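Observations on the model geometry
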Amino acid sequence: MNITVIHERKQATEHIQFAGKSVFELLQKINVSSEAVIVVRNNDVLTENDLLNDNDEIQLLSVISGG
Amino acid sequence: MKMACHKCAEKAVIALQHGELCKNHFLSYFEEKVFTTITKHDLLNRKDTIGIAASGGKDSLTVLYLTKKFLKKNQFPSHFFALIIDEGIAGYREHTLKDLETFCKKQQIELKKVSFREAWGVTLDEAHPKINKDTKKKPCTICGVWRRSLLNRHAREAGATKLVTGHNLDDEAQAILMNMFKANVGLAASLGPKSGIEEREGFVPRVKPLYFCTEKETRLYAFLKGFTVNFAECPNAREGFRMAIRDFLNDFEGRYKGTKQGIVNSFLEILPLLKEKARQDTAHPQACERCGEPARQMVCQACALQEVLHAP
């Protein structure tokens, strides 16, 4: 499936072709720790076990901030 | 598969060590954890005047909101205010300051602002190339010392008997490991839900209501409450060692839930011993002969940096 990932911290958008199904698998594929981001789809927060759909747009809100 | 809250059938927003929680149960869990921390560790009392160190980031907005809520819930008559230090870091602080001003206005919280330029005559961006010109030290070595000094002075001058900070479980677990890896036992003694080794005249005790909340929980709370937190990271904060520790801890937490909590809980078991040792080992605090702030030497670190700044 095709997933669009918007990285808040990197301020970048990435288009990913993805053979997996879950948020956990997506984070593994793009090498992002689940502890470092909040995963949001259509303003709903997802957990690692939630399933993704083709053409989903996913926001990765950075947990890390400040100085 | 949709994960359900372990307390109800609603969709989960987070998986914790002891199960998944939906939005409403997570918000209740988070608030209860903060309020229990304040009560159990005696962080605030009815007679306190409270300064809240704020930056405009997720931690400070959350701790501002929940301190206000705690005081109201418990009918504390305490006066409280937010205090921000503008270090003068171009492209960073002006954004978080704006978020903080908007938040405080909406929440009707008094906001006091102090800047490095007012206090020291220069911004951090101007001071760093002069003070650290002969060393490889980062701006953070100046920023930390000057910020702490100004927070203490201005909180005290405004009558504060406690200074609330937004330090969270991740900050603490990182600091514990950094001090351990670098054998800084003396510095570790200053950690804990209440900072500092002992009560000192002129020193406003710093307390940490978010002490047992992870950074992820705090960000999630801020998001679910609709606080406007624009992503902002200090350009000077990309310190190699802390970032390596942070990544290491996040990796472990991802694989073994409860790792950060375990580190902090273990540390709290030995903290009284560390504080006792530090009390015996360190010099009795005195007043800096230049500015009068609490110091362990004749001249405090903040004034010593200012001397370097003005050295010919």
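Our subject is the structure listed above.
Report on the accompanying structure.

Conventions we followed
- Along each chain, residue indices are assigned from 1 in the same order as the chain's sequence is written.
- As a convention, the first chain written is A and the first ligand written is 1, with the rest following in written order.
- In keeping with the model being predicted, local features are shown solely for residues with a pLDDT of at least 70 and side-chain atom pairs are shown and tallied solely at 80 or more, while totals for entire chains, interfaces and linings include all residues.
- To obtain the side-chain values, all non-hydrogen atoms of the structure were used and water was disregarded.
- Every helix listed is a DSSP run of H or I at least four residues long, and every strand listed is a run of E at least two residues long, numbered separately from the N terminus.
- Throughout, the radius of gyration refers to the C-alpha atoms, and the reference size of a globule is 2.2 Å times the residue count to the power 0.38.
- Throughout, exposure labels follow a simple rule: accessible area from a 1.4 Å probe, protein chains only, divided by the maximum for the residue type, with under 20% read as buried, over 50% as exposed, and the rest as partly exposed.
- Contact criterion: two residues are considered in contact whenever any of their non-hydrogen atoms come within 4.5 Å of each other.
- All accessible-area figures derive from a Shrake-Rupley calculation using a 1.4 Å probe, and residue coverage is judged against the displayed protein chains alone.
- A pair of strands is considered paired only if DSSP assigns at least 2 bridges between the two.
- The handedness of a crossover follows from its direction of travel: if, with the strands pointing away from the viewer, the path from the first strand over the helix to the second runs clockwise, the crossover is right-handed.
- Two parts lose some accessible area (1.4 Å probe) when they are put together, and adding that loss for both gives the buried area.
- Salt bridges are defined as contacts in which a side-chain nitrogen from Lys or Arg sits within 4 Å of a carboxyl oxygen from Asp or Glu.
- Here a polar contact means two N or O atoms within 3.5 Å. Within protein one must be a hydrogen donor candidate and the other an acceptor candidate, and residues neighboring in sequence count only if both atoms are side-chain atoms.
- Residues are grouped as follows: Ala, Val, Leu, Ile, Met, Phe, Trp, Tyr, Cys and Pro are nonpolar; Asp, Glu, Lys and Arg are charged; all remaining types, including Gly, are polar.
- For this analysis, a nonpolar core means a set of buried residues of the types Ala, Val, Leu, Ile, Met, Phe, Trp, Tyr and Cys, connected via side-chain atoms within 4.5 Å.
- Axes, fitted as lines to C-alpha atoms, cover a helix only where it is in contact. Angles between the N-to-C directions of the axes lie from 0 to 180 degrees.
- Only Phe, Tyr and Trp rings are paired, with Trp represented by its six-membered ring, and only when their centres lie within 6.5 Å; those with planes under 30 degrees apart are stacked, over 60 edge-to-face, the remainder tilted.
- A ring is considered to have a charge above it if a Lys NZ or an Arg CZ atom is located within 6 Å of its centre and within 35 degrees of its normal.
- In this analysis, the expected span of each helix is defined as 1.5 Å times one less than the number of residues it contains.
- Think of it as the arc spanned by the lines of direction from the helix axis to the C-beta atoms.

Before going further, it helps to spend a moment on the overall build of chain A. The helix and strand inventory of chain A stands at 1 helix and 5 strands. Its helices and strands in sequence order give chain A the pattern β-β-α-β-β-β, from N to C terminus. Computed over C-alpha atoms, the radius of gyration of chain A comes to 11 Å, within 12% of the 11 Å expected from 2.2 N^0.38 for 67 residues, which places it in the range of a compact globule. Structurally, chain A occupies a C-alpha span of about 35 × 25 × 20 Å along its principal axes. Within chain A, buried positions represent 52% of all 67 residues. A fraction of 47% describes how many contacts in chain A between residues 6 or more apart in sequence connect residues 24 or more apart. Entry remark: accessible area of chain A is about 3,400 Å², with carbon and sulfur atoms responsible for 39%.

The subject of this paragraph is the pairing of strand E5 (residues 111-115) of chain B. Residues and elements named next belong to chain B. Sheet topology places strand E4 (residues 80-86) next to E5; 5 bridges connect them, and they run parallel. The residue of E5 that forms the bridge with Ala 82 is Leu 111. Considered for its hand, the β-α-β crossover made up of E4, helix H3 (residues 93-107) and E5 is right-handed.

Facing 24 residues of chain A, the contacting portion of chain B comprises 30 residues. Each partner contributes to the roughly 2,300 Å² buried at the junction of chain A and chain B, and carbon and sulfur atoms together form 55% of this total. Across the chain A-chain B interface, the total number found is 4 salt bridges. Of the charged contacts in the structure, one is a salt bridge between B:Lys257 and A:Glu35, with a shortest N-O distance of 3.0 Å. For the pair chain A and chain B, the interface holds 8 residue pairs in polar contact (both at pLDDT 80 or more). For the side of chain A that touches chain B, the elements supplying multiple residues, two or more each, are strand E3 (37-41), strand E4 (44-46) and strand E5 (56-62) of chain A. For the side of chain A that touches chain B, the element with the most residues is E3(A), which contributes 3 residues. A breakdown of the residues in the side of chain A that touches chain B according to their chemical character gives 10 nonpolar, 9 polar and 5 charged.

All names here are of chain B. Residues Phe 26 and Leu 64 are the most contacted members of the largest nonpolar core, which totals 48 residues. Considering every element that reaches this core, the biggest residue donor is helix H2 (residues 58-73), with 7 residues. The contacts of Leu 64, once residues within four sequence positions are left out, are Ile 52, Ala 54, Ala 82, Leu 100, Phe 103, Cys 104 and Ile 109. Core analysis: the next-biggest nonpolar cluster, separate from the first, contains 33 residues, Ala 53, Leu 83, Ile 142 and Leu 163 among them.

Taken together, the 5 strands give an open sheet; going across it, the order is E2-E1-E5-E3-E4 (chain A), and neighbouring strands pair in mixed fashion. For this open sheet the edge positions go to strand E2 (12-17) and E4 of chain A, each flanked by a neighbour on one side alone. Ignoring which end each strand starts from, the neighbouring axes of this sheet average 30° apart. Here strand E1 (residues 2-7) of chain A runs beside E5(A); their pairing, made up of 5 bridges, is parallel. Its bridge partner being in E5(A), A:Val5 is matched across the sheet by A:Ile58. This element, helix H9 (residues 215-224) of chain B, spans E3, E4 and E5 of chain A of the sheet and lies at about 35° to E3(A).

Our next topic: the packing of aromatic side chains. Both the distance between ring centres and the angle between the ring planes are used here to describe each pair of aromatic rings. Residue and element names in this part refer to chain B. This structure, assessed with the given rule, holds 13 aromatic pairs over all chains. Measuring from centroid to centroid gives 6.3 Å for Tyr 221 and Phe 227, while their planes differ by 70°, and the two rings are edge-to-face. Judged by relative accessible area, Tyr 221 falls into the buried class, the value being 0%. One cation-aromatic arrangement involves Lys 112 over Phe 81; the distance from NZ or CZ to the ring centre is 5.2 Å. One Lys or Arg, Lys 182, reaches over the ring of Phe 241 and ends 4.5 Å from the middle of that ring.

Residue and element names in this part refer to chain B. With 15 residues, H3 extends 21 Å between its outermost C-alpha atoms, agreeing within 8% with the 21 Å of an ideal straight helix rising 1.5 Å per residue. Considered for burial, the residues of H3 that qualify are Arg 93, Thr 96, Leu 97, Asp 99, Leu 100, Phe 103, Cys 104 and Gln 107. Here the buried residues of H3 occupy an arc of 160° about the axis, which is enough to place them on one side. Turned more than 90 degrees from where H3 packs its buried face, Lys 98, Thr 102, Lys 105 and Lys 106 sit exposed.

Before going further, it helps to examine the pattern of salt bridges. Scanning the entire structure with this criterion turns up 22 salt bridges over all chains. Among the ionic pairs, B:Glu31 bridges to B:Lys69, the shortest N-O distance being 2.9 Å. With B:Glu31 in helix H1 (residues 23-40) and B:Lys69 in helix H2, this pair connects stretches of sequence that are 38 residues apart. The network of salt bridges with shared partners includes A:Glu35, A:Glu48 and B:Lys257.

All names here are of chain B. Spatially, 5 strands are ordered E5-E4-E3-E6-E7 in an open sheet, and the strand pairing comes out parallel. Among the strands making up the open sheet, the edge pair consists of E5 and strand E7 (206-207). Sheet topology note: the strand E6 (residues 162-164)/E7 ladder contains 2 bridges and is parallel. Within E7, the residue paired with Val 164 across the bridge is Val 207. Across the sheet, H2 is in contact with strand E3 (50-53), E4 and E6; its angle to E3 comes to roughly 160°.

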